[in-house]
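Letter by letter, the chains look like this.
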Amino acid sequence: MQMSHGSAAVIAEISAGLLVPAAHISPKFLYDGLGSKLFEAICELPEYYPTRTEAAIFAAHGADMARALGDGTTLIDLGAGNCAKAASLFPLLQPAQYVPVDISRDFLLGAVAQLQQRFPHIEMTALGLDFSHGFQLPDSVRAGRRVFFYPGSSIGNFSPEQAVEFLRSLRANGGADGGLLIGVDLIKDQALLDAAYDDALGVTGAFNLNILRHLNHLIGSDFDVGQWKHIAYFDFEHSRIEMHVEARTALTVHWHGGERRFERGERIHTEDSYKYTRQSFVNLLERAGFATSRVWTDEDNWFAVIHARM
Ligand code: AVI
């Protein structure tokens, strides 16, 4: 068995999820080094429409968005990664300060160093932190008009209840004249949704199954990836894509301090990706105390970019 590399808290969290009858693993464990690269590949897939559809909305309506937001803002980019989405809007948005936030601080610092050379007049303050459970912005973030930028429909990976909590935590960190520019994936034809999460090349399958390799590293488990298969489908009742890994045969998994037998066909739930209508998402924003100002969509109504006021 491999040596464990996760903290005691991480091992306890994963073990607890594996030992309940309906086993589950948090989707945050999809993103080790390989998982992040596989996600980048997913964004290039013909079936995965969200990335290119959102980019087309930014390209078509960026100037309009900039007018709605106003210039001289403090732009706080949540889950910034390589900062490319926000940077493509800089010429239009002209923020006074750019604050990219990402769990991977080292990656962020490299991206920001390059960006600062291209846009020397924008003050940049990179924050390496996990904002998924609420956060408190440090004093280095200007108190002026704060606009949160949360693209990619990442909000869909929270349950609606968690999303409301998260949106409330943003309001607690913004000023009265602040705002939010957020990307939201919309409900559409089931075949399109299913294909986006179960592509012909099997990249999403590799992304999903890679969580088991990551677990082997974190908790010293002995998952054999070949004994599991990728499952993803749209669930109408909950308006969400569900991703699972399913045992191809009866097997037992062992890890430091635990073991679990899985019957053939038994699953581990790995991710939800909620899909909204324009109205259902506006309702969610209102529950969190936001007022919606503008909604931009593509001509097929597959994706929406929404500006909301604090
Ligand atoms: C990051 N997140 C918005 C993606 C999504 O569409 O829910 C993660 C993903 N999972 C499978 N494909 C992409």
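Before going into details, it helps to say that this report is about the structure given with it. Since the model is a prediction, treat every value here as computed from it, not as a measurement. (Residues numbered from 1 in each chain as written. Predicted model: local features only at pLDDT ≥ 70, side-chain atom pairs only at ≥ 80, totals over all residues. Heavy atoms only, no water.)

Structural notes on the overall build of the protein chain
What the protein chain contains, in helices and strands, is nine helices and 13 strands. Against the globule reference of 19 Å for 310 residues, the protein chain gives a C-alpha radius of gyration of 20 Å, in line with a compact fold. In terms of principal-axis extent, the alpha carbons of the protein chain reach across some 60 × 40 × 35 Å. A buried classification covers 51% of the 310 residues belonging to the protein chain. Just so you have it, the protein chain exposes about 13900 Å², and 52% of that area is on carbon and sulfur atoms. Looking at the protein chain, you have 26 positive and 37 negative side-chain charges, and the mean spots of the two groups are 3 Å apart. (Helix = DSSP H or I, 4+ residues; strand = E, 2+ residues; numbered from the N terminus. Rg over C-alpha atoms; globule rule 2.2 N^0.38 Å. Buried < 20%, exposed > 50% of the residue type's maximum accessible area, 1.4 Å probe, protein only. Areas by Shrake-Rupley, 256 points an atom, 1.4 Å probe, with all protein chains shown as cover. Lys, Arg positive; Asp, Glu negative; His and termini not counted. Charge placed at Lys NZ, Arg CZ, Asp CG, Glu CD.)

Here we look at the nonpolar core
Within the largest apolar cluster, 36 residues are counted, with the highest numbers of intra-cluster contacts made by Leu18, Ile25, Leu212, Phe223, Trp228, Phe262 and Ile268. Where this core is concerned, the elements lending two or more residues are helix H1 (8–19), helix H2 (33–42), helix H7 (190–196), helix H8 (203–219), strand E7 (228–235), strand E8 (240–247) and strand E9 (251–255). Sorting elements by how many residues they give to this core places H8 first, with eight residues. Apart from residues no more than four positions distant in its own chain, Ile25 is found in contact with Leu18, Ile211, Leu212, Leu215, Ile268, His269 and Thr270. Membership of the second largest hydrophobic core comes to 33 residues, among which are Val99, Leu137, Val164 and Leu186. (Core = buried A, V, L, I, M, F, W, Y, C linked by side-chain atoms within 4.5 Å. Contact = heavy atoms within 4.5 Å.)

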